[in-house]
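A structural walkthrough
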Amino acid sequence: MNTHLKPLILHAHATGPNPIKVAIALESLKLPYNVKHWDFSDNPNTGVKGSKFLQINENGRVPALEDPNTGVVSWESGACMNYIRRVYDVENTIGPPGGSAQDLVDFEKWEYFLLTTLGPMTGQVNWFTHYHPTKNADALKRYQEQTYRCYDVLEGQLAKSGGTSILPSRVTAVDYHFEPWVRQYAFAGLSLDKYPLIHKWLGLMDAREEVQEAYLKIRGAEKQE
Ligand SMILES: N[C@@H](CCC(=O)N[C@@H](CS)C(=O)NCC(=O)O)C(=O)O
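Going by the annotation in an unreviewed UniProt entry, the name recorded for the chain is GST N-terminal domain-containing protein, with Penicillium decumbens given as the source organism. According to UniProt, the comment filed for the chain under the heading Sequence similarities (unreviewed entry) is "Belongs to the GST superfamily."

This is how it looks when you write it as structure tokens:
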């Protein structure tokens, strides 16, 4: 633990996947942090759409990350993750494994694939499965197919490491981006039966200390009052 640092503040929600990836990165780098929970309402004091939280993130979504050591406030999980890496991963333990132009692009392309495609498609499956007020079978089918298409792509990439990491040489922040979203497959009503390498990778990820600690910390955190 970096005891000389003031704890960072991770604004989160008890179940939403995006804050969890930031917690995993913080755990991996052994950075001190406290979690503040918000709900999804517009309550001025407790909700992500309320006036208090909107001063931190005008987009009204978690995660947001405040760093009292630098005064920097970030939001969007990708920006939070990259901030943490730039400032605190001085030995590059979770960044791109190599330094070539191709290595950097390989890291970013998988990061962006999760942020723009696999994550949002899974989110829409969840929405039309659990939260949309009326049934919309066409929309649900569309997003299920798109999520499975992403699983096809991910399964192919995992073949390069035998299912141990998304970038072939070692676990990186890219794996942290994917873990909370892929973990949601059952909640989304999806199956990994056709994806043995994703299944293996998820088991390996979920056994890692930084992943387990992040979930414990997020689930144990107090709601913001
Ligand atoms: N693209 C954003 C998405 C953030 C996001 O959608 N967060 C969810 C929780 S995982 C949220 O705050 N939802 C509140 C809402 O939908 O009102 C990111 O990667 O951080």
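Looking only at helices and strands, the chain has 8 helices and 4 strands in total. Walking the chain from its N terminus toward its C terminus, one meets helices and strands in the order β-α-β-α-β-β-α-α-α-α-α-α. Taken against the 2.2 N^0.38 rule, which gives 17 Å for 225 residues, the C-alpha radius of gyration of the chain at 17 Å falls within 12% of a compact globule. C-alpha atoms of the chain, sized along the principal axes, occupy 50 × 45 × 30 Å. A buried classification covers 36% of the 225 residues belonging to the chain. Looking at the chain alone, contacts between residues at least 24 apart form 64% of all its contacts between residues at least 6 apart.

Our focus in this paragraph is helix α3 (residues 77-88). Given 3.6 residues to a turn, an α-helix orients residues that are three or four positions apart in the same direction. Compared with the 16 Å implied by 1.5 Å per residue over 12 residues, the 16 Å span of α3 between its first and last C-alpha is a close match. Along α3, the residues classified as buried are Ser77, Gly78, Cys80, Met81, Ile84, Arg85 and Tyr88. Seen along its axis, α3 keeps its buried residues to an arc of 165 degrees; they face one direction. For α3, the elements touching its buried residues are α1 (17-28), β3 (64-67), β4 (72-75), α4 (101-131) and α6 (173-182).

Surveying the vicinity of the ligand reveals 13 residues, the closest of which are Gly16, Asn18, Arg61, Val62 and Ser77. Contributing elements (two or more residues each) for the shell around the ligand: α1 and α3. The residue makeup of the shell around the ligand, split by class, is 6 nonpolar, 5 polar and 2 charged.

So, about the sheet that holds β4. Taking strand neighbours across the sheet as the criterion, the 4 strands line up as β2-β1-β3-β4 in an open arrangement whose pairing is mixed. Two strands in the sheet have a free side with no partner beyond their single neighbour: β2 (33-37) and β4. Taken pair by pair, the neighbouring strands of this sheet meet at an average axis angle of 15 degrees, ignoring direction. Relative to β2, strand β1 (residues 8-12) is paired through 5 bridges, and the arrangement is parallel. What sits directly across from Ile9, in β2, is Asn34. Sheet strands in contact with α3 are β3 and β4, and its direction is about 140 degrees off that of β4.

Procedures and definitions
Residues numbered from 1 in each chain as written. Predicted model: local features only at pLDDT ≥ 70, side-chain atom pairs only at ≥ 80, totals over all residues. UniProt positions renumbered as here; feature names shortened; annotations may be inferred. Helix = DSSP H or I, 4+ residues; strand = E, 2+ residues; numbered from the N terminus. Rg over C-alpha atoms; globule rule 2.2 N^0.38 Å. Buried ≥ 20, exposed ≤ 12 C-beta atoms within 10 Å, placed from the backbone. Contact = placed C-beta atoms within 7 Å. Expected span 1.5 Å × (residues − 1). Arc of directions from axis to C-beta. Near = placed C-beta within 6 Å. Nonpolar A, V, L, I, M, F, W, Y, C, P; charged D, E, K, R; others polar. Pairing = 2+ DSSP bridges. Axes fitted to C-alpha atoms, helices over the stretch in contact; angles between N-to-C directions.

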